[in-house]
Amino acid sequence: MKRNALAWFSTKLLGGGLLRVGLWLLALPATLAIVFMFAWPEQPEPPTYLRLDTVDRWIEPLPGDTTYDLSGFKAAMARSADFSQARWVSIRLPDFLELPTQFSAKLTEPMAMAWFRFSYTVPPDARKEEPLALYGSRIMGGAYSLWVNGELVAAKLDDWRMQWSYPVFLQLPPHLIKPGQELEVALAVPYRLSQGYSVGSLYFGKAHELRPSRDIRTFFQRTLPTVGMVLVGLMGALSFLMWLRRRVDMEHLWLALLSVAVVVCNLQYTHEFSVNDAQSAWFSYIVDAAVSWLFLLFVVFAFRFNKQQFQKTELLLVVFTVTNTLLTMPLWDWQVNGMRLQHYLTVVLYLYILGLMTWLAVTHRRFEHWMLCFAIWTLFCAGLFDITYMSSQITPDGIWVFPYGAFLVFIVAGLLLQRRYVDALNQIERSNIHLSRTLKAREDELMAKQAQLVHAQRQQTLLMERERLVQDIHDGIGSSLMNSMVSLRDGKLSPERAANLLRECLDDLKIVIESLEPIAHDLSSLLGALRYRFGDRLEAAGLTLVWQMDDLPPLAWLDAPQALDILRVVQEIVSNTLKHARATEVAISVTVGAAAPDAAPFVLLSLKDNGKGFDPHANTSGRGLKHIRARLHRIGAALTLVARQGQGVCYEIRLPITQGFEDDARVRGNASPALGTSSILN
Amino acid sequence: MTISVAIVEDDPGFRDTFCTVVRGADDMCLHSMADDLPSGLELLNLSAADVLLVDLGLPSGSGIKLIEQAQVRWPQCDVMVISVFGDKRNVLSAIRAGAAGYLLKDTPTDQLAEQIRVVHRGGSAITPVIARQMLNLLAKQVEAAPSGGASGGDKWASAVLTRQEQQVLVLANKGYKYEEVGRIMGISRHTVMTYVKRCYRKLHVNSKTGAIYEAQRLGVVFD
């Protein structure tokens, strides 16, 4: 057990609960302090004020010309206390008459003054610095005045029509404080007979002892509702501004309107319009109407928030509220009578709405539904309580709860909206994370595919190169060796011929290897190496080689496959010369030229022999020119053959310097391959 | 005076050819023969020969080691490497190790003797590709030279090619033969060969300092 408790405590502390524990530890004394401050006055000694449970009451009828307006009340208050005819009845406080269902607005109405009398002995330790006061929860019905020993001591005329939310606090003047003296205190409350009065519990004693009670009551009855009203108003304004930016979210508008209704409803707790009859009537009307509008708006909000479609109910409610508002306007005479009736009708309709919402909450079982249901029930009950409270059906010693109900409604609505926001934000966060993950996955996929593609391309290129090499070797060396083997087997191969064949194969192999040497696009190295290998052979065959190699720029397109093609072309040409030309001299030169001053330059490889030449119009298929042309076409080069009978042959090969030439050559390459002195393009 | 020639070659056919050539030449005599790296190294215990032919592809190891040893043991000897295709990688490393020239295995026998004489005289054979590589090597080495280090200063300076040497290499790279090079440059064939030999020496010298070796090892040089 001990270990468990310890473990629990440590997890609370160490598992981030340190803050929580700290808060709890702070909250407890804080709460106690608040309670202490409010509920517990500073004095260590017990309070000495009297709670007036039993007082004497006398209902004095007022003369018939007392009008139900401010002057009438003032006149009533000015009458001196004449208790000669009084018939005192002992009653218990609080004392209240239930408000009738109908009361008229007539000005001349029989009125009466309710007197409440009690005796108080000033304690011997009373001092003039500690005045005495009368404190009461409320006196409903209008004005009141305080008489001590037949003298008017204090009077209150604020909100004489329907004072209902100020506690009574009347302070006695200091000169009356004579220790040991007996005071006869009487409280006068004028009222209309048809309307009745309501007097709550009364307390009499030292003012500073009674003040805390008054303060608490004032706080809960006036201050807090006022503050709440202001806050709700502000939040409503914010909500409205939000709706302005996002018209599609109607809930903000409903919330703003709801806040307006709450503010208007609560105005009665902070303002009064006793002065002007018409103003007062209209004010009351507006405030009362606001209650039903509050209800309507909240119901609409609830339905729309949960996307419920109860159009008929909504319509019914709207019709009712509008009708109600119209009918209770202070233009008609009978509106005052209908006030309580109006409230009871409302109750019936609202009970139906409440039932509907409860049913919704039960069937849907979602948090939002339960919260809305709770709020509206609270509002309804608060309203109900306040109605009974107002109509003096219950003791006036409580406080009005409707403002708090209205605040709760607004807070619930606001909280639900906030929940929705937080959910939306969380959703966005989640989907952002999800999106970024998906994006990353796609990117990785793409990169992998890219890498694959590059790899495949490289493989492809390598494969093609390999194939070409293999093809070349196969065609050249392979076929030579095959032929020699066949000849040898058939006994048709002389040793000398065999040696020659093998040498040719070796040459071919050397050429292939030479082509694979990285030469960094340097044609002069390539051809120079070729000359080096085979130059002596030519000399031995009786062919003088005149060699000229200029400085060449690097040729971007010259890689191993292209190098092989060039070497083969030169090999073929030279071998042709050896076989057919019967020449004594071959001039091989490599220069850089340009067709025109502004044309692209090219490299000119020319091989010229001084042999017997051949007829350009004769059949030249035996010279392997087709292969030569094919190879040159592949690298984007052009061959010009100049041949004349008896004047030797000149092969002129134009090689491009940049890639562009190659593309041009390919594009151009469909000219007819006629031989002759004219320029021939592949 | 007869040129004493030693050969380290594992291929018996070529050894026979070689022996025939040497015996056939008046001015040459056979110094010694070995068919493998260890026995070749043992040859170095004998008195020095004038020309040493080394096959790079020996069964038990690369002939480069032998070349390096020969530089130490037989400083006056001219080493030639025997190569089938004259592929530049091996030849270049042989030159770095100190070889003075190389011989292609399929050289006609009548040229074999002449080439030996040439190397003995101080000339060196060169292929266009090797010439280009040497140009690159020595050019890069000039770029990489430390700015005025005290110890390596002189060696670096001597490694730089002179304009003549550079031109010889360039022309050789283009495929011109020694005579043609000489004709273009206005110098004798023999002078051209001397230039080439000097280039070889510079490569060998630089390889001893290790700089070029590093560059080559890192693959900087070979394009």
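Computed from a prediction, not measured in an experiment: that's the story for all the values here.

## Structural notes on the overall build of chain A
The secondary structure content of chain A amounts to 15 helices and 18 strands. Within chain A, buried positions represent 44% of all 682 residues. Long-range contacts, defined here as pairs at least 24 residues apart, represent 78% of the contacts in chain A between residues at least 6 apart. Carbon together with sulfur atoms contributes 63% to the accessible area of chain A, which is approximately 36300 Å² in total.

## Structural notes on unusual backbone geometry
Residues and elements named next belong to chain A. Positive phi values are uncommon outside glycine, yet N149 reaches one of about 50°. When its relative accessible area of 38% is taken as the criterion, N149 is described as partly exposed. Despite not being glycine, R365 has its phi angle at roughly 55°, a positive value. Topologically, R365 is positioned in the loop between α8 (338-364) and α9 (367-390). For R365, a relative accessible area of 64% translates into the label exposed.

## Brief notes about the side chain of A:T313
All names here are of chain A. Along the chain, T313 turns up in helix α7 (residues 311-327). Given the relative accessible area of 7%, T313 is considered buried. The residues touching T313, leaving out its near neighbours within four places in the chain, are F303, Y352, I353 and L356.

## Re the interface of chain A and chain B
At the interface, 25 residues of chain A touch 19 residues of chain B. Here chain A and chain B share an interface that buries about 1900 Å² over both sides, 47% of which is from carbon and sulfur atoms. Taken together, chain A and chain B are joined by two salt bridges. Inspection of the chain A/chain B interface yields seven residue pairs in polar contact (both at pLDDT 80 or more). For the side of chain A that touches chain B, the secondary structure elements donating two or more residues are α11 (495-516), α12 (523-540) and β14 (544-549) of chain A. A total of nine residues in the side of chain A that touches chain B trace back to one element, the largest contributor, which is α12(A).

## Points about the pattern of salt bridges
Residue and element names in this part refer to chain A. Under the definition given, this model contains 22 salt bridges over all chains. Where R489 meets D490, a salt bridge forms, and the shortest distance between an N and an O atom there is 3.9 Å. Across the salt bridge formed by R568 and D508, the nearest N and O atoms sit 3.3 Å from each other. Taken together, the positions of R568 in helix α13 (residues 560-581) and D508 in helix α11 put the pair 60 residues apart, joining distant regions of the chain. Note on R568: relative accessible area 6%, which makes it buried. The class for D508 is buried, based on a relative accessible area of 10%. Sharing partners across several salt bridges, the network here consists of D472, D508, D565, R568, R631 and R634.

## Digging into the environment of A:M357
Residue and element names in this part refer to chain A. Its place among the elements puts M357 in helix α8. When the C-alpha atoms of M357 and C373 are compared, they prove to be 5.9 Å apart, with 16 residues separating the residues in sequence. In this view, M357 contacts A302, F303, L372, C373 and I376; residues no more than four positions away in its chain are not counted.

## Considerations on the nonpolar core
Where a protein is soluble and globular, its nonpolar side chains tend to be buried together. If you look at the biggest cluster of nonpolar residues, it comprises 99 residues, and the most contacted ones within it are A:L523, A:L527, A:I566, A:I653 and B:I126. Considering every element that reaches this core, the biggest residue donor is α13(A), with nine residues. Among residues more than four places away in sequence, those in contact with A:L527 are A:W547, A:M549, A:I566, A:V570, A:V590 and A:L605. If you look at the next biggest cluster of nonpolar residues, it comprises 51 residues, including A:L296, A:F310, A:L379 and A:A382.

## What about the packing of helix α4 (residues 207-245) of chain A against helix α5 (residues 250-270) of chain A?
The packing of two helices is summarised by the inter-axis angle and the distance between the axes. Residue and element names in this part refer to chain A. At a closest axis distance of 8 Å, the pairing of α4 and α5 adopts a crossing angle of 155°. One element, α4, and the other, α5, form an angle in the roughly antiparallel class. In terms of crossing hand, the pair formed by α4 and α5 is left-handed. On α5, the residues that touch Q221, R222, P225, T226, M229, V232, G233, G236, S239, F240, M242 and W243 of α4 are M250, H252, L253, L255, A256, S259, V262, V263, N266, L267, Y269 and T270.

## Points about the pairing of strand β11 (residues 182-192) of chain A
Residues and elements named next belong to chain A. Counting buried residues in β11 gives nine out of 11 residues, a clear majority hidden from the surface. Pairing geometry for strand β5 (residues 111-121) and β11, over 11 bridges, is antiparallel. Bridging across to β11, R117 finds its partner in A186. When strand β8 (residues 144-148) meets β11, the two strands line up antiparallel, connected through four bridges.

## Quick notes on the packing of aromatic side chains
Residues and elements named next belong to chain A. A full pass over the atoms with the stated rule returns 13 aromatic pairs over all chains. The interplanar angle of 80° and the centroid separation of 5.1 Å between the aromatic rings of F219 and F220 together place this pair among those described as edge-to-face. For F219, a relative accessible area of 27% gives the class partly exposed. Judged by its relative accessible area of 35%, F220 is partly exposed. Ring pairs connect the aromatic residues F118, Y120 and F204, which therefore count as one cluster. Here the guanidinium or amino end of R214 rests over the ring plane of F169, the centre of that ring lying 4.5 Å away.

## What about the sheet that holds strand β1 (residues 50-52) of chain A?
Residue and element names in this part refer to chain A. Across the sheet, four strands lie side by side as β1-β13-β6-β10; this open sheet has antiparallel pairing. On the outer flanks of this sheet lie β1 and β10 (168-171), each paired with one strand and no other. The sheet shows a mean angle of 20° between the axes of neighbouring strands, direction not considered. Note: β1 against strand β13 (residues 202-206), three bridges, orientation antiparallel.

## Considering the sheet that holds strand β15 (residues 585-594) of chain A
The strands making up a sheet associate through backbone hydrogen bonding, with each pair oriented either parallel or antiparallel. Residue and element names in this part refer to chain A. Strand order in the open sheet made by the five strands is β14-β15-β16-β18-β17, with mixed pairing throughout. Where the open sheet ends on each side, the last strands, each with one partner, are β14 and β17 (638-643). The average angle at which neighbouring strand axes cross in this sheet is 15°, direction not considered. Across the sheet, α12 is in contact with β14, β15, β16 (601-609) and β18 (649-656); its angle to β14 comes to roughly 170°. Here helix α14 (residues 625-635) sits on the sheet in contact with β17 and β18, set at roughly 145° to β17.

## What about helix α8 (residues 163-173) of chain B?
Among all positions in α8(B), only B:E165, B:V168, B:L169, B:L171, B:A172 and B:N173 are buried. Directly beyond the C-terminal end of α8(B), a positive phi value near 100° is found at B:G175.

## Quick word on the confidence of the model for chain A
In low-pLDDT segments, the atomic positions of the prediction should not be examined closely. All names here are of chain A. Per-chain confidence: chain A averages 79 in pLDDT, with 84% of residues scoring 70 or above. Of all the helices and strands in chain A, helix α15 (residues 659-668) carries the lowest mean pLDDT, 47, while β14 carries the highest, 90. Every residue in residues 660-682 is under pLDDT 50, and counting partners more than four places away or in other chains gives 41 contacts.

## Remarks on the packing of α4(A) against helix α10 (residues 402-489) of chain A
Residues and elements named next belong to chain A. At a closest axis distance of 10 Å, the pairing of α4 and α10 adopts a crossing angle of 30°. Taken together, the axis directions place α4 and α10 in an arrangement best described as roughly parallel. Crossing of α4 against α10: the hand is left-handed. Contacts between α4 and α10 involve F220, L224, P225, G228, M229, V232, M235, G236 and M242 on the former and, on the latter, P403, Y404, F407, F410 and Y421. The class makeup of the residues in the contact of α4 with α10 is 12 nonpolar, two polar and no charged.

## As for α11(A)
With 22 residues, α11(A) should reach 32 Å at 1.5 Å per residue; the first-to-last C-alpha distance of 31 Å fits that figure. Within α11(A), the full set of buried residues consists of A:A498, A:L501, A:C505, A:D507, A:D508, A:K510, A:I511, A:V512, A:E514 and A:S515.

## Examining the side chain of B:S4
With respect to the helices and strands, the residue B:S4 is situated in strand β1 (residues 3-8). Contact partners of B:S4, with chain neighbours within four places excluded, come to B:C29, B:H31, B:A48, B:A49, B:D50 and B:V51.

## Remarks on the confidence of the model for chain B
All names here are of chain B. Confidence in the prediction of chain B, expressed as mean pLDDT, is 77, and 80% of residues score 70 or more. Averaged over each element, pLDDT in chain B is lowest for helix α7 (residues 153-159) (47) and highest for β1 (90). Residue range residues 147-157 is modelled with pLDDT below 50. Its contacts to residues more than four positions away, or to other chains, number six contacts. Model confidence for the complex: the whole-complex pTM is 0.51, and ipTM, which rates the interface, is 0.72.

Quick notes on the rules
Residues numbered from 1 in each chain as written. Chains lettered and ligands numbered in written order. Predicted model: local features only at pLDDT ≥ 70, side-chain atom pairs only at ≥ 80, totals over all residues. Heavy atoms only, no water. Helix = DSSP H or I, 4+ residues; strand = E, 2+ residues; numbered from the N terminus. Buried < 20%, exposed > 50% of the residue type's maximum accessible area, 1.4 Å probe, protein only. Contact = heavy atoms within 4.5 Å. Areas by Shrake-Rupley, 256 points an atom, 1.4 Å probe, with all protein chains shown as cover. Buried area = accessible area lost by both parts, 1.4 Å probe. Salt bridge = Lys/Arg side-chain N within 4 Å of Asp/Glu carboxyl O. Polar contact = N/O pair within 3.5 Å; in protein donor to acceptor, adjacent residues only side chain to side chain. Core = buried A, V, L, I, M, F, W, Y, C linked by side-chain atoms within 4.5 Å. Axes fitted to C-alpha atoms, helices over the stretch in contact; angles between N-to-C directions. Parallel < 35°, antiparallel > 145°, perpendicular 65-115°, else oblique. Left-handed = near helix turned anticlockwise from the far one by under 90°. Pairing = 2+ DSSP bridges. Phe/Tyr/Trp six-rings, centres within 6.5 Å; stacked < 30°, edge-to-face > 60°. Lys NZ or Arg CZ within 6 Å of the ring centre and 35° of its normal. pLDDT = per-residue confidence, 0-100. Nonpolar A, V, L, I, M, F, W, Y, C, P; charged D, E, K, R; others polar. Expected span 1.5 Å × (residues − 1).

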